[in-house]
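# Summary of structural features
Residue-level listing of the chains:
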Amino acid sequence: MIRFEDVNKYYGPFLALADINAQVARGEVVVVCGPSGSGKSTLIRTVNRLEEIQSGAVRFDGQNVHAPMRAAALNRLRSQIGFVFQSFNLFPHLSALENVVLSPWRVKAVGRAEARARAMALLERVGLAERAHAYPAQLSGGQQQRVAIARALAMEPPAMLFDEPTSALDPEMVGEVLAVMRSLAKDGMTMMCVTHEMGFARDVADRVWFMDAGRILETATPTAFFGAPQHPRAQRFLSDLRSH
Amino acid sequence: MSLFSNALEIVRDNWLLLLVGQYPNGPLGGIAATLILSVLGIGLAFPLSVLVALARLSHRAWLRLPALALVYAVRGVPLLMIIFWVYFMFPLLLGVSVPGYATMLCTLVLYEGAFLSEVVRAGIEALPRGQMDAARALGHGYGGAMRFVILPQALYNMLPSILSQFVSTIKDTTLGYVINVPELTFAANQINNRLLTKPFEVFLILALTYYAVCFSLTRLAGWLESSIAARRAGPAPVQLVAAQ
Ligand SMILES: Nc1ncnc2c1ncn2[C@@H]1O[C@H](COP(=O)(O)OP(=O)(O)OP(=O)(O)O)[C@@H](O)[C@H]1O
Ligand SMILES: [Mg+2]
């Protein structure tokens, strides 16, 4: 469903992604991990073209997201790819409910009443129905991130991308966000998650990609990756992670 | 003491002239003209400023460069020069005489619009990049993201600055005097020419009137600013209140 083909990306002279070849199959959950600065965010942001690439292709459902295309076509593609940010990026001038309603209503031209009903159902699903009329500033980090997930789901995307969805959260709020992600995975959502939550990776991921210095150095099942990492960098990364 | 009693007497004898000028026997003037010019000026300058700000932020050079030129030209030239330009050039270009009111209004819209556009641009650029990213990731086009996500926040944050620009506009209308726009300063000068012996009292009244209007608006801007800051910080979470 998501396929990277010989992707290279530069920031000026700096090679941020090098010869990326990988794919996420439909219904699969992939966890991307690696040290800070290894290119995880850059990689995941190329999928909906929030970052441009210099060569190669990123295919979503067979269609190259980075091919020259009209703005409307790119917008349509993006609306099919849910994206959850580390910093939530809720729209602060809108209530939780309005955050979830806005895009189906304005982008997909779903009727406003219907969009509201579906948004309520989604807030219910992430456990925030009673906070529907709160503004983002009135919500905890965990609650904001759950609203952000509901907002992405409102576009009914066949795939969801998560860029460190829990790393801006206080530890006691990590669980509530991971629980929502687990339930999504259980329902068969195709997911690509940058995260350092190894428990989540172990339980939920079908595959783990390990990145360093802009390359994917290892892709393995969680059991293989956590049990016997092949690449020396992956071994060092895991032992660093455990010693914390 | 006699200064104030003289001033009071002048106000008592001329309040109608100060308020509305020669109206209804002549054109509307005085404070009414000043306020109408200012409100219309800022009211029309505001949409212009949003357009200019958007043009300046555009990646299309044919939009960006004219906007840049306009802003730099207007910022680099005294308002009085622009008034003269409009006053003498418009009739030449259009082949019809342009009334002083219209000249002054056009000038104000151009001048205040250029300044306001810098305020709007700063407001847009001050928003976190994640806001645009989130809107685009949901499938909004550039225009939709601006309209539903970026501008509502930027303009709300900019309300105090917009109000200060309104105060500047009120003060700038005094220059209408040089092209015989019968606004407040013009009315005061008429009174002065009639009385001849009390310039200090007349211009004290004038100064106090401007001060009263501008000071209350400045206070309003300050109050707006602090209430916006408070709102942005967010009210205390409801749970905290309930727990006590
Ligand atoms: N806009 C940019 N301009 C220049 N360099 C950038 C830019 N964004 C990222 N980089 C560089 O690209 C590399 C990869 O960045 P990226 O954010 O993808 O890493 P990451 O794996 O997500 O790290 P983290 O775990 O800290 O989020 C880093 O070395 C970073 O400094
Ligand atoms: Mg990152």
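Our structure's up above, just so we're on the same page.
The structure reproduced in this document is the subject of the present report. Being a predicted model, the structure only gives us computed values, none of them experimental. (Residues numbered from 1 in each chain as written. Chains lettered and ligands numbered in written order. Predicted model: local features only at pLDDT ≥ 70, side-chain atom pairs only at ≥ 80, totals over all residues. Heavy atoms only, no water.)

## Structural notes on the pattern of salt bridges
Within this structure, the stated rule accounts for 20 salt bridges over all chains. Here A:Arg118 ties to A:Glu114 by a salt bridge, and the two come within 2.9 Å at their closest N and O atoms. Separated by four residues within a single helix, A:Arg118 and A:Glu114 lie in helix 4 (residues 112–125), roughly one turn from each other. Exposure remark for A:Glu114: the relative accessible area of 44% places this residue in the partly exposed category. Connected via shared salt-bridge partners are A:Lys9, A:Arg45, A:Glu51, B:Arg129 and B:Asp133. (Salt bridge = Lys/Arg side-chain N within 4 Å of Asp/Glu carboxyl O. Helix = DSSP H or I, 4+ residues; strand = E, 2+ residues; numbered from the N terminus. Buried < 20%, exposed > 50% of the residue type's maximum accessible area, 1.4 Å probe, protein only.)

## Digging into empty space enclosed by the protein
Tallied over the entire structure, the rule returns two cavities of 30 Å³ or more. The computed volume of the largest cavity comes to approximately 60 Å³. Surrounding the largest cavity, A:Ile81, A:Gly82, A:Phe83, A:Val84, A:Phe85, A:Phe88, A:Ala148, A:Arg151, A:Ala152, B:Ala134, B:Ala137 and B:Leu138 form its lining. The set of elements that each furnish at least two residues to the lining of the largest cavity consists of strand 6 (81–84) and helix 5 (141–153) of chain A together with helix 6 (129–137) of chain B. It is strand 6 of chain A that contributes the most residues to the lining of the largest cavity, four residues altogether. For the lining of the second largest cavity, the secondary-structure elements that each account for two or more residues are helix 2 (30–57) and helix 9 (199–233) of chain B. Its residues assigned to classes, the lining of the second largest cavity shows six nonpolar, two polar and no charged. (1 Å grid on protein atoms, 1.4 Å probe; cavity = no way out; pocket = protein on both sides within 12 Å on 5 of 7 lines; lining within 4 Å. Points joined across faces, edges and corners; volume = space filled by probe spheres on them. Nonpolar A, V, L, I, M, F, W, Y, C, P; charged D, E, K, R; others polar.)

## Description of helix 1 (residues 40–47) of chain A
Residues and elements named next belong to chain A. Burial within helix 1 is extensive, with seven of its eight residues counted as buried. Three or more residues of helix 1 are buried, namely Lys40, Thr42, Leu43, Ile44, Arg45, Thr46 and Val47. Arginine 49 sits one or two residues past helix 1 and shows a positive phi near 65 degrees.

## Examining the sheet that holds strand 2 (residues 14–24) of chain A
Residues and elements named next belong to chain A. Taken in spatial order, the four strands line up as 2-1-4-5 in an open sheet, and their pairing is antiparallel. One side of each edge strand has no neighbouring strand; the edge strands of this open sheet are strand 2 and strand 5 (63–64). Of the strand pairs in this sheet, strand 1 (residues 2–11) and strand 4 (residues 55–60) are connected by five bridges, and their pairing is antiparallel. Looking across to strand 4, one finds that isoleucine 2 is bridged to phenylalanine 60. Against the sheet, helix 1 makes contact with strand 1, strand 2 and strand 4, and its axis sits at roughly 120 degrees relative to strand 1, the strand it touches most. (Pairing = 2+ DSSP bridges. Contact = heavy atoms within 4.5 Å. Axes fitted to C-alpha atoms, helices over the stretch in contact; angles between N-to-C directions.)

## Focus: the packing of aromatic side chains
According to the stated counting rule, one finds ten aromatic pairs over all chains in the structure shown. Measuring from centroid to centroid gives 5.4 Å for B:Tyr211 and B:Phe215, while their planes differ by 10 degrees, and the two rings are stacked. Here B:Tyr211 and its partner B:Phe215 are both found in helix 9, four residues apart, which amounts to about one turn of the helix. The class for B:Tyr211 is exposed, based on a relative accessible area of 53%. Put simply, the rings of A:Phe210, A:Phe225, A:Phe226 and A:Phe237 touch in pairs and so form one group of aromatic residues. The ring of B:Tyr72 carries B:Arg75 above its face, with NZ or CZ at 5.4 Å from the centroid. (Phe/Tyr/Trp six-rings, centres within 6.5 Å; stacked < 30°, edge-to-face > 60°. Lys NZ or Arg CZ within 6 Å of the ring centre and 35° of its normal.)

## Section: the packing of helix 6 of chain B against helix 7 (residues 142–172) of chain B
All names here are of chain B. Where helix 6 meets helix 7, the closest approach of the two axes is 9 Å, and the angle between their N-to-C directions is 140 degrees. The angle between helix 6 and helix 7 falls in the class oblique. Judged by the twist between their axes, the crossing of helix 6 over helix 7 is right-handed. From helix 6, Gln131, Met132, Ala135 and Arg136 reach across to helix 7, where they touch Tyr142, Ala145, Met146, Val149, Ile150 and Gln153. When the residues that make up the contact of helix 6 with helix 7 are grouped by side-chain class, the tally is seven nonpolar, two polar and one charged. (Parallel < 35°, antiparallel > 145°, perpendicular 65-115°, else oblique. Left-handed = near helix turned anticlockwise from the far one by under 90°.)

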